[in-house]
Amino acid sequence: MTAEEEYAGMRQVRQTVLCPGPPEEQQRMALWIIRRLLVQFHREWTALRERECDDAWIRAANALLDRYSHQLYDIVCDVKAIVGDEVAVEIRCLSADMIKTTNILVMLGCSEECCRRGDALAREALRHAERCHSLRRVAGAAR
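Since the structure is predicted, the reported quantities are computational estimates derived from the model, not experimental observations. (Residues numbered from 1 in each chain as written. Predicted model: local features only at pLDDT ≥ 70, side-chain atom pairs only at ≥ 80, totals over all residues. Heavy atoms only, no water.)

**Considerations on the pattern of salt bridges**
It is possible for side chains of opposite charge to pair when their charged atoms get near one another.
Line of reasoning, step 1. Evaluated as defined, the whole model comprises nine salt bridges.
Line of reasoning, step 2. One salt bridge connects Glu90 with Arg131, and the closest N-O pair in it is separated by 3.0 Å. Residue Glu90 is located in helix H4 (residues 85–108), and its partner Arg131 is located in helix H5 (residues 111–141); the two are separated by 41 residues in the primary sequence.
Line of reasoning, step 3. Exposure remark for Glu90: the relative accessible area of 22% places this residue in the partly exposed category.
Line of reasoning, step 4. Judged by its relative accessible area of 24%, Arg131 is partly exposed.
Line of reasoning, step 5. Among the salt bridges present, the one from Asp97 reaches Lys100, with a minimum N-O distance of 3.8 Å. Of the two residues, Asp97 and Lys100 both sit in helix H4, three residues apart, roughly one turn of that helix.
Line of reasoning, step 6. According to the relative accessible area criterion, Lys100 is partly exposed, its value standing at 45%.
Line of reasoning, step 7. Residues joined by salt bridges that share partners form a network here, namely Glu86, Glu90 and Arg131. (Salt bridge = Lys/Arg side-chain N within 4 Å of Asp/Glu carboxyl O. Helix = DSSP H or I, 4+ residues; strand = E, 2+ residues; numbered from the N terminus. Buried < 20%, exposed > 50% of the residue type's maximum accessible area, 1.4 Å probe, protein only.)

**Some thoughts on the packing of helix H2 (residues 23–49) against helix H3 (residues 55–83)**
Line of reasoning, step 1. Packing of H2 against H3 leaves a shortest axis separation of 10 Å and a crossing angle of 170 degrees. The angle between H2 and H3 falls in the class roughly antiparallel.
Line of reasoning, step 2. Here the residues of the contact of H2 with H3 are counted per class, giving 21 nonpolar, four polar and three charged. (Axes fitted to C-alpha atoms, helices over the stretch in contact; angles between N-to-C directions. Parallel < 35°, antiparallel > 145°, perpendicular 65-115°, else oblique. Nonpolar A, V, L, I, M, F, W, Y, C, P; charged D, E, K, R; others polar.)

So yeah, pure geometry; function would need other evidence.
Printed below as a string of structure tokens:
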């Protein structure tokens, strides 16, 4: 067995543990988890934005974006087969934008640019959260 096959097997186990049951229920649970993470990012970003912008703020913003980008990427990799390619690609793109913003912060250290980009990412997270909510309802209605 190759390392890639072993890793794919581990991912499958994690998907099964996520929510045993019919595919519709697995999809609803996966979308709920993604939505919850997106909404939490928006809340934390909004709370961070209310603080004064200084060097400590930039470090906190950088850490927040970095943490959520990795969490989103990891969860989407875990549930890609459950939620489908379209949702998975959208969330991975958001994660990539977060990483890109984090890298820009490190290079520039510009709080104004950080605020602007972070606000856009937070709005995008809410848009995706609403989409996940809509898809969850559709998956629930299919039962």
